[in-house]
Amino acid sequence: MKSKFKIQTILSQFDKNLDNIISEDIPILKKIKKQVISSGGKRIRPFAHYLFCQFLNVKDVSWLDVGSVAELIHAASLLHDDVVDNAPIRRGKPTIGASFGNKTAILAGDYLLACGISRLNTLGNPELMEIFSQVLRDLSVSELLQMEWEKNPNITLKIYDQIIYGKTASLFGVCTEAAAILANQSKEKRKEFRQFGVRLGKLFQKKDDCLDYFVDSKASGKEFLKDFKNGLFTYPVLVLRSKLSLLEKRKLNQMFRKETRNANDETIILDLMNAKHVPSILHKELEKEKNELLVFLNQFPKSEERELFIEQLGRLT
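Predicted model, so just to flag it, every value in this text is computed and none were measured.

Conventions adopted
Residues numbered from 1 in each chain as written. Predicted model: local features only at pLDDT ≥ 70, side-chain atom pairs only at ≥ 80, totals over all residues. Heavy atoms only, no water. Helix = DSSP H or I, 4+ residues; strand = E, 2+ residues; numbered from the N terminus. Contact = heavy atoms within 4.5 Å. Areas by Shrake-Rupley, 256 points an atom, 1.4 Å probe, with all protein chains shown as cover. Expected span 1.5 Å × (residues − 1). Buried < 20%, exposed > 50% of the residue type's maximum accessible area, 1.4 Å probe, protein only. Salt bridge = Lys/Arg side-chain N within 4 Å of Asp/Glu carboxyl O. Phe/Tyr/Trp six-rings, centres within 6.5 Å; stacked < 30°, edge-to-face > 60°. Axes fitted to C-alpha atoms, helices over the stretch in contact; angles between N-to-C directions. Left-handed = near helix turned anticlockwise from the far one by under 90°. Nonpolar A, V, L, I, M, F, W, Y, C, P; charged D, E, K, R; others polar. Core = buried A, V, L, I, M, F, W, Y, C linked by side-chain atoms within 4.5 Å. Patch = residues over 30% accessible without salt bridge, like charges linked within 9 Å, V, L, I, M, F, W, Y side chains within 5 Å. Arc of directions from axis to C-beta. Polar contact = N/O pair within 3.5 Å; in protein donor to acceptor, adjacent residues only side chain to side chain. Disulfide = S-S within 2.5 Å.

This part is about the overall build of the chain. In terms of helices and strands, the chain carries 16 helices and two strands. For the chain, the C-alpha atoms occupy an extent of roughly 60 × 50 × 35 Å along the three principal directions. Within the chain, residue pairs in contact and separated by at least 24 positions form 73% of the contacts whose partners lie at least 6 positions apart. Of the accessible surface of the chain, which amounts to about 16100 Å², a share of 54% is contributed by carbon and sulfur atoms.

Attention shifts here to the environment of leucine 232. Looking at the secondary structure, you find leucine 232 in the loop between α11 (226–229) and α12 (235–241). Put simply, leucine 232 and aspartate 15 are 217 residues apart on the chain and 33 Å apart in space, counted from C-alpha to C-alpha. Other than its neighbours up to four places away in sequence, leucine 232 contacts Glu150, Lys151, Tyr213, Asp227, Val237 and Phe256.

Next up on the list: helix α6 (residues 102–122). With 21 residues, α6 should reach 30 Å at 1.5 Å per residue; the first-to-last C-alpha distance of 31 Å fits that figure. Within the sequence span of α6, burial applies to Ala105, Ala108, Gly109, Tyr111, Leu112, Cys115, Gly116, Arg119 and Leu120.

With that settled, consider the pattern of salt bridges. Opposite charge on two side chains permits pairing when their charged atoms draw close. All chains considered together, the criterion is met by 18 salt bridges. Here aspartate 65 and arginine 119 are joined by a salt bridge, their closest N and O atoms 2.8 Å apart. With aspartate 65 in helix α4 (residues 63–85) and arginine 119 in helix α6, this residue pair connects regions lying 54 residues apart in the sequence. Classification of aspartate 65 by relative accessible area gives buried; the value is 14%.

Attention now moves to the packing of aromatic side chains. Summed over all chains, the structure comprises 21 aromatic pairs. Ring geometry for phenylalanine 52 and phenylalanine 309: centres 5.4 Å apart, planes at 80°, overall edge-to-face. Of the two residues, phenylalanine 52 sits in helix α3 (residues 44–55) while phenylalanine 309 sits in helix α16 (residues 304–314), which places them 257 residues apart along the sequence. Note on accessibility: phenylalanine 52 and phenylalanine 309 belong to one class, buried.

Quick look at the packing of helix α13 (residues 246–257) against helix α14 (residues 263–275) now. Contact geometry of α13 with α14 gives a least axis separation of 12 Å together with a crossing angle of 145°. The element α13 and its partner α14 pack so that their crossing is left-handed. For the pair formed by α13 and α14, the contact residues are Leu252, Met255 and Phe256 on the first element and Asp265, Ile268 and Ile269 on the second. Classifying every residue of the contact of α13 with α14 by side-chain character gives five nonpolar, no polar and one charged.

The next thing to look at is the nonpolar core. Among the nonpolar cores identified, the biggest contains 77 residues, and Phe52, Phe132, Ile269 and Phe309 are the most heavily contacted of them. Of the residues forming this core, the biggest block, 13 residues, is contributed by helix α8 (residues 157–182). Ignoring any residue separated from it by four or fewer positions in sequence, one finds phenylalanine 309 in contact with Ala48, Leu51, Phe52, Phe55, Phe196, Leu200 and Leu297. Core analysis: the next-biggest nonpolar cluster, separate from the first, contains 18 residues, Leu29, Ala76, Ile96 and Tyr111 among them.

On to a nonpolar patch on the surface, then. A surface patch of nonpolar side chains, about 280 Å² in accessible area, is lined by Val84, Leu144 and Met147. Judged by relative accessible area, which is 55%, leucine 144 ranks as exposed.

Despite not being glycine, asparagine 184 shows a phi value in the positive range, around 60°. Following the sequence through the fold, asparagine 184 ends up in the loop between α8 and α9 (187–214). You can call asparagine 184 exposed: its relative accessible area is 69%. Residues other than glycine seldom take positive phi values, yet leucine 225 does so here, at roughly 65°. Tracing the sequence through the fold places leucine 225 in the loop between α10 (217–220) and α11.

Right, let's get into helix α2 (residues 27–38). In this model α2 runs 17 Å from its N-terminal to its C-terminal C-alpha over twelve residues, within 8% of the 16 Å that 1.5 Å per residue would give. Residues of α2 that are buried: Leu29, Ile32, Lys33, Val36 and Ile37. Projection of α2 onto a plane perpendicular to its axis shows the buried side chains occupying an angular sector of 125°, all on one side. Exposed and oriented more than 90 degrees from the buried face of α2 are Pro27, Lys30, Lys31 and Lys34.

So, about the side chain of serine 170. Mapping serine 170 onto the fold places it in helix α8. When its relative accessible area of 0% is taken as the criterion, serine 170 is described as buried. Reaching out from serine 170, the side chain makes a polar contact with the side chain of aspartate 138 at a distance of 2.6 Å. Discounting residues that sit within four places of it in the chain, serine 170 has contacts with Val135, Asp138, Tyr165 and Arg194.

Applying the stated rule across the entire model yields zero disulfides. Take cysteine 53: it sits in no disulfide, and the sulfur closest to it among the cysteines is that of cysteine 175, at 9.7 Å. When its relative accessible area of 2% is taken as the criterion, cysteine 53 is described as buried.

Interpretation in functional terms is not warranted from these geometric data alone.
Here it is in structure tokens:
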């Protein structure tokens, strides 16, 4: 109970800081700001940054701004993603695009980025500015790659890895590396911390892809088989494809080339997943990665913060 209360206390600090960072130059921005903050989300990135700052005994109060900027970048990327995907709903609520139009959503995303970079600049730390600037480049590159390859049957696991690195893992890496920067750690240690965050981000994205196929909507909070219905070649599909014969691959590709996929197609893909033992393969892979990340976390002294992180990590597999 105490841990849960502490999590909410930290998250409320981030929410208040986000409210402070996002200015309201015109009425529409006030509405968007309210929707961005009230939509909440798990705030995984800023919370990961906070916990790593605790592990490293960071005294610099900049952690609150750094974590908030990471969340603003994430929020801006979601606004842009929803426009690209033409998504009407996000976390059970209408998207900014659905409420105010796609042009407004794009400009609102840009505005959030500008607010974040402006606050980051006030910290006067060129190392932080450098790694966050790289994240923005990574995000842009990955979005372009994703648009190019997401419905292309020739996509490979290597290309998928490049996409999720820029789309998700790079920002996770910055959140953990930034803690090392605030703690004045060496470049070698910074690299270690960044790599942990990158691996965590990739694990997070792969797990998110798996929810689409193996967890119902009530438990996941996502529309079941949404990625499949949209014809996206996500991680479970790529793993499945690696287990298929040439003829089976051709049939799979034909199914994904269709304008829409029906209930029969859904049955076929789920039966294939089970026949090729994809759920078991993915569970073992994610479990192995989680255990390797736990080894890294266990280098830190036992604390409430470390147990919180381990608890959150356990939910990813």
